[in-house]
Amino acid sequence: MSYSGPEFDLPEQRRRRRAPLAVGLAALVPGALLGWVVYEGVGRPGGSDPARTDAATPWSEHASVGDDAKVPAPSASALPLKGKVVVIDPGHNPGNFQHPSEINQKVNIGTNWKECDTTGTSTNAGYTEARFTLDVAHRLRALLERQGATVKLTHDGDRPAWGPCVTKRAGIGNDAHADAAISLHADGAPEGDRGFHVILPATVHSGGADTRPIVASSRTLGERVEKDFAKVTGSAPSNYVGNGTGLDVRRDLGGLNLSTVPKVFIECGNMRDSKDAALLTSGAWRQKAAQGISEGIVSFLGGQASGG
């Protein structure tokens, strides 16, 4: 969204009247000075008074935001995520296609051995999941940072050139002692399967995996993200996973099994369905997706901070 706050009309400058007598001018000066003091004290219309500016130009929670959005940063007193660490994991990597041997190496995810990483899916027109997740990750990072969060991505652009492995992705969140972590994805189900769903960690205690300490908090995070994602994007929960709840529980994802911090995955839609694909390839919709996820994280961390 190209944000513009309410327009303010600056006060018109009054024309000075040349008093015919010096005494007339002397009589006007005290009144003018008093008016200036009152004017400065209450704040000029559209002036630089921080309280007036913040109150008059709130940023909308659900405004449609374009590709080149410029969202104003909130004031220091409106940073709900100050001191919080959020790790964003953009699913897959655009460079994975060029590194098949590296991403196909097996890693231990606690419950079983699995490929280090995969290439992900794409729309029928060739827009890849890896491009989608990285784009949404950048938008989400910008939103969270404006609210005071410290944000870390598991990979960014061509750094690293492939992967990282799912074990490393989990490790980045763990090492950062993240207050919340989320892995961004889009599904590759058949045409007609539509909607989004949030994946929660199952209770796993096997090998190097132990999700028991994070199952409850991850569920809360997932429920908040599901609610706000649906509200902001207008998308319906998946019609093929989760029985209409928008939530699914899995024990076969290394990024969840090996996490020691609250973490969820989100499948933002089905890239293989033409209607979902039209949304996923829209920059304006991807901004809404990032906004919905951001609001869910803020809700979770706010409740966490207050003990809710």
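The structure we're discussing is the one just above.
Residues numbered from 1 in each chain as written. Predicted model: local features only at pLDDT ≥ 70, side-chain atom pairs only at ≥ 80, totals over all residues. Heavy atoms only, no water.

Student: Just to check I follow, could you spell out the packing of aromatic side chains for this structure?
Tutor: Aromatic ring pairs: the centre-centre distance and the angle between the two ring planes describe each pair. In total, this model carries 2 aromatic pairs according to the counting rule given. Measuring from centroid to centroid gives 4.7 Å for Phe-196 and Phe-229, while their planes differ by 55 degrees, and the two rings are tilted. With Phe-196 in the loop between β5 (180-187) and β6 (197-201) and Phe-229 in helix α6 (residues 215-233), this pair connects stretches of sequence that are 33 residues apart. By relative accessible area, Phe-196 is classed as buried at 0%. For Phe-229, a relative accessible area of 0% gives the class buried. One aromatic cluster in this structure is built from Phe-196, Phe-229 and Trp-285. (Phe/Tyr/Trp six-rings, centres within 6.5 Å; stacked < 30°, edge-to-face > 60°. Helix = DSSP H or I, 4+ residues; strand = E, 2+ residues; numbered from the N terminus. Buried < 20%, exposed > 50% of the residue type's maximum accessible area, 1.4 Å probe, protein only.)

Student: Sorry if this is basic, but what is going on with the pattern of salt bridges here?
Tutor: Counted under the stated rule, the structure contains 14 salt bridges. A salt bridge links Arg-159 to Asp-158; the nearest nitrogen and oxygen atoms lie 3.8 Å apart. Across the pair, Asp-158 and Arg-159 agree in class, each one exposed. Its salt-bridge partner being Lys-231, residue Asp-228 comes within 3.0 Å of it at the nearest N-O pair. Taken together, the residues Asp-228 and Lys-231, both in helix α6 and 3 residues apart, mark about one turn of the helix. By relative accessible area, Lys-231 is classed as partly exposed at 44%. Each of Asp-89, Asp-117 and Arg-169 takes part in one network of salt bridges that share partners. (Salt bridge = Lys/Arg side-chain N within 4 Å of Asp/Glu carboxyl O.)

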